[in-house]
Amino acid sequence: METIRFLDENGTFSLKNPEAVSGLYFPLASEAGLKCAVAPDLAGDSKLDQESFLLEPVSIEDLRNSRSTRNFWCVTEKGCWSAAGVSAEQEAARFTPEQDESVLTAGFLWQSVRRTSKRYGLQAELISFVPPDENVEILEVRITNRDTAPQNVTGIAAVPIYGRSADNLRDHRNVTSMLHRIQTTECGVQVKPTMSFDEKGHRENRRIYYVCGVSGNGGAPAGFYPTVQEFTGEGGTLLHPRAVYEGKPARAAGAEINGREAMGGIRFPEVTLGPGEAAVYLVFLGITEDAGDIRRILTAYGTEDRVRAALERAKAYWQNQVNVRYQTGSEDFDRLMRWVSLQPFLRRIYGCSFLPHHDYGRGGRGWRDLWQDCLSLLLMDPGGVGEMIRANFGGVRMDGTNATIIGEGLGNFIADRNGIARVWMDHALWPLMTARLYIDQTGDLEILRAEVPYFKDPQAMRGTEIDEEWGAAYGSQQRTASGELYTGSILEHLLIQHLTAFYEVGEHNIFRLRGADWNDALDMAPERGESVAFTCAYAGNLRDLAELLRLLEERDPGGMAELAEELAVLLEPGADCYGSISKKQEILSRYAAKCRHSVTGIRVRVPLSALAKNLTEKADWLMDHIRRQEWITDGEDGWFNSYYDNHGRPLEGVTEAGPHMMLTGQVFAIMSGTASEDQVQAITRSADRYLYQKEVGGYRLNTDFHELKFDMGRMFGFAYGEKENGAVFSHMTVMYANALYRRGFVREGYKALQTLADAALNFETSRIYPGIPEYFNAEGRGMYHYLTGAASWYLLTVITQGFGVRGENGSLVIAPKLVREQFGETGTAALTLPFADRAFQITLINLNRKDYGEYQAEKAYLTVPNRPQMRRLAVTEGRVVLDRALIDQLPAGGNQITVELM
């Protein structure tokens, strides 16, 4: 099998004969909203949202099964050839000496496929991209005559136009084609359905779906095939269309056809190509509400030179967005990291839907995604993140739960799309993690005092009851009994989230699982399920929040926090009630009842020092409780139980069928500090023994339980090694690595990170383009590529833990944890990144190539542009600290820090 080869430091790569690998697809997208997927043979789709698909929606199986793809035909005296490789003849020639030769080259959101046919003496180069600020996909087709004699070539673009909601794929597909109003224009085919068909309520349609084309010099097409029926002909198919093979006359501009499946069929004038000569065609696929916008697109991009200039701008735009660069001992790893660093931007555009594997949902991001995607933004593009955080906290309810679906724009929150009162017990965890990183990177501790509203909808009593008093007139923000909008500090929001979680416990005094936690597939234990894993995580968060309160108190000795008076119910009980499950549940019930519909709006003042002490006591009690109750031993080593099922039984342990172990509980026990040093060592040995399998990507999410467990979740219905049931789930593996790095287990953390990278780069097994997938399946194949929170955590871990470059209350700290092999033959490693609106290049010099634990930072120097003299930086206990006051005096770019490791 051919393999991927990187071509430059920007991550550009090539792959020969990509059609020999099933399931390859590539994202093309714009900031304006267009979201596309394109395969090497141009299969895939294009859409703005769930309601507006230009091309027929595809899932992963459709990539190889569907004939409804982008295509471009060349008609010559020798016959008809598809420049995309999508014809009946070319399908039949697969895996024979007659198969076309092809090479795919791709970079950040652009793809080029060069295809050569010996039989037809033609070579095609198809370049696909989307301008970052437009809702149009551009396909440049260059056809070159590779024969020794002149050839007459007629080019025909062929793009079936779906033009409606994805729901209509299996809901009135034929009926909705009757809504189509199709017309041919001077340069293409436009479709404007009369309405958006929905039996719950039809709506007038305003969107126009179009496919237009011009020759490379801007020349108009010769004619059009505006319907699928006209193009394929009676009995024909998209793989063998009669209009192409029989030379059926095309329609002229100005034709109108109603109520048919639409086709962007564009016939170009015949050209004569001498040996080595080429013809260029430009095809534009887009969605708009203004027909004038189509004319503007054709004017702006309607020649080869303009398209090439737009392509270079698009390349530069996405490269500049990813403003972090890496230099380690492996060029392939450094280039892989460019793609990993791009993935959070793709998540921002696509959400968790709209790529072939992600054939679920209706777009948008969930609560957890919103916060975790901020992690990477804080490292690459921190401007505006403070505003995002303020807006995001507006999705928290007064009872500590939150909205689960995020609408368009900042601070637009929607109750569950299906109206289901579902609570994910981990949701309150992520906002503090993000806020803490924001404060460390910016020094903006005062954000904790920022006043923001609370989300309000019919769900009450932490999703167990309906607030019958609530109505649309109330609005989606919490109000007081007098009807005034209530706002509270971000600190108050965080306290509510964590204190309500603390009191919502099950029969083992562990936080209840409710609808699920991070693992959405643990969704069948709502009554008696408990999550030890995330109880550990909350304990760690309580400590972190207490630390932030102490920082506030340092700045404001004797300072007070103003809190809603309802919180007194959660703050007053002392440690004597922590061991009582019934008392905890009663306290939570009393609090939730107080804010069931409205709040008083009265505030109380609580000393910051008292709050910090209160939270620390709760964290300490939780950790001690978990250490005593949840530790499992196999006689040699041990690990923590992660869950209780819906019968109240621990999920993990040593059984007759073998050990039951899950990675999740170990990750958060380590990360939070719940696990002691000895326990961390035991966990790593157990994980290596029971979960690690290098050939499929590293650490599996769990061992094989050999049972369905309808009392725990759907994950146990999946085949072992697939998705949440024992796959190598990238997100949890990266968090495992992050936790190990934090606790000083660097070699173990590196092993987890590097094994994932090695698996992704091993194309023979992973069969994916560069990047980190959601998981690796039982065969080691990368699945659900691009749209995974693992990318943000991978980026975070490599930068803040591996390179050790991170913020601490606004200052820049460098405390590297790279291992020997990451310094390469030269003994150096480097990182380029922004911090505090300044660009830095940080070089670590390890000339003796010592391993972590053998070296420490001894000397550090700062070099500033136009200042010839280097500045010596202070190094304390192996840490370099650049104070924020000094950073603020530096120029915007060109700052270099050199750290010598001895």
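Remember, it's a predicted structure, so these values are computed and weren't measured experimentally.

Would you mind going over the packing of helix α12 (residues 490-503) against helix α15 (residues 581-594) with me for this structure?
In a pair of packed helices, the angle between the axes and the distance between the axes together describe the arrangement. Where α12 meets α15, the closest approach of the two axes is 8 Å, and the angle between their N-to-C directions is 140 degrees. Looking at the two axes, α12 sits oblique to α15. For the pair formed by α12 and α15, the contact residues are Ile496, Thr500, Phe502 and Tyr503 on the first element and Lys584, Gln585, Ile587, Leu588 and Tyr591 on the second. Per-class residue counts for the contact of α12 with α15 are 6 nonpolar, 2 polar and 1 charged.

Even after reading the chapter, I still don't get helix α19 (residues 730-742), so can you show me in this structure?
Spacing of three or four residues puts side chains on the same side of an α-helix, whose turn is 3.6 residues. For α19, built from 13 residues, the straight-helix expectation of 18 Å at 1.5 Å per residue is met to within 8% by its first-to-last C-alpha distance of 18 Å. Most of α19 is tucked away: 12 of the 13 residues are buried. Buried within α19 are the following residues: Ser730, His731, Met732, Thr733, Val734, Met735, Tyr736, Ala737, Asn738, Ala739, Leu740 and Tyr741. A positive phi of about 90 degrees marks Gly744, the residue just after α19.

How do you make sense of the packing of aromatic side chains when you look at a structure like this?
Each aromatic ring pair is described using two quantities: the centre-to-centre distance and the angle formed by the ring planes. All told, the structure shown has 35 aromatic pairs when counted by the stated rule. Pairing Tyr454 with Tyr486 gives two aromatic rings, centres 5.9 Å apart and planes at 20 degrees, and the pair type is stacked. Here Tyr486 lies in the loop between β29 (465-466) and β30 (487-489) and Tyr454 lies in the loop between β27 (451-453) and β28 (459-460), a separation of 32 residues in the sequence. With relative accessibility at 3%, the residue Tyr486 sits in the buried group. Ring centres of Trp631 and Phe640 lie 4.8 Å apart, and the angle between their planes is 70 degrees; on these two criteria the pair is classed as edge-to-face. The partly exposed category is assigned to Trp631, whose relative accessible area is 28%. Ring-pair connections join several aromatic residues into one group, and the members of that group are Phe502, Tyr503, Phe511, Tyr538, Tyr578 and Trp621.

How do you make sense of the environment of Leu701 when you look at a structure like this?
With respect to the helices and strands, Leu701 occurs in the loop between β40 (698-699) and β41 (728-729). Note on Leu701: relative accessible area 1%, which makes it buried. What Leu701 contacts, discounting residues up to four positions off in sequence, is Trp518, Asn519, Met661, Met662, Leu663, Thr664, Glu724, Gly726, Ala727, Phe729 and Met732.

What is the right way to look at the pattern of salt bridges in this model?
Oppositely charged side chains can form a pair if their charged atoms are brought close together. This model, assessed by the stated rule, comprises 65 salt bridges. Residue Arg390 is joined to Asp444 by a salt bridge in which the shortest nitrogen-to-oxygen separation is 3.7 Å. Of this pair, Arg390 sits in helix α10 (residues 385-392) while Asp444 sits in the loop between α11 (429-442) and β27, placing them 54 residues apart in sequence. Look at Arg390 and you get partly exposed, because its relative accessible area is 32%. Note that Arg747 is salt-bridged to Asp851, the shortest N-O span being 2.8 Å. Remark: Asp851 occurs in the loop between β47 (838-845) and β48 (857-864) and Arg747 occurs in helix α20 (residues 746-761); sequence separation between them is 104 residues. Since its relative accessible area comes to 35%, Arg747 is described here as partly exposed. Residue Asp851 is classed as buried on the basis of its relative accessible area, which comes to 14%.

Help me out: how do you make sense of helix α13 (residues 532-555) in this one?
The terminal C-alpha atoms of α13, which comprises 24 residues, lie 35 Å apart, in line with the 34 Å expected from a rise of 1.5 Å per residue. One side-chain oxygen at the N-terminal end of α13 lies 3.2 Å from the backbone nitrogen of Phe534; it belongs to Ser531.

How should I be thinking about the sheet that holds strand β42 (residues 775-776) in this particular structure?
The strands making up a sheet associate through backbone hydrogen bonding, with each pair oriented either parallel or antiparallel. Reading across from one edge, β41-β42-β43 is the order of the 3 strands in this open sheet, with antiparallel pairing throughout. Of all strands in the sheet, those with a lone pairing partner are β41 and β43 (782-783), marking the two edges. As paired strands, β41 and β42 are joined by 2 bridges and run antiparallel to one another. Paired with Phe729 across the strands is Tyr775, a residue of β42.

Parameters at a glance
- Residues numbered from 1 in each chain as written.
- Predicted model: local features only at pLDDT ≥ 70, side-chain atom pairs only at ≥ 80, totals over all residues.
- Heavy atoms only, no water.
- Axes fitted to C-alpha atoms, helices over the stretch in contact; angles between N-to-C directions.
- Helix = DSSP H or I, 4+ residues; strand = E, 2+ residues; numbered from the N terminus.
- Parallel < 35°, antiparallel > 145°, perpendicular 65-115°, else oblique.
- Contact = heavy atoms within 4.5 Å.
- Nonpolar A, V, L, I, M, F, W, Y, C, P; charged D, E, K, R; others polar.
- Expected span 1.5 Å × (residues − 1).
- Buried < 20%, exposed > 50% of the residue type's maximum accessible area, 1.4 Å probe, protein only.
- Phe/Tyr/Trp six-rings, centres within 6.5 Å; stacked < 30°, edge-to-face > 60°.
- Salt bridge = Lys/Arg side-chain N within 4 Å of Asp/Glu carboxyl O.
- Polar contact = N/O pair within 3.5 Å; in protein donor to acceptor, adjacent residues only side chain to side chain.
- Pairing = 2+ DSSP bridges.

Interpretation in functional terms is not warranted from these geometric data alone.
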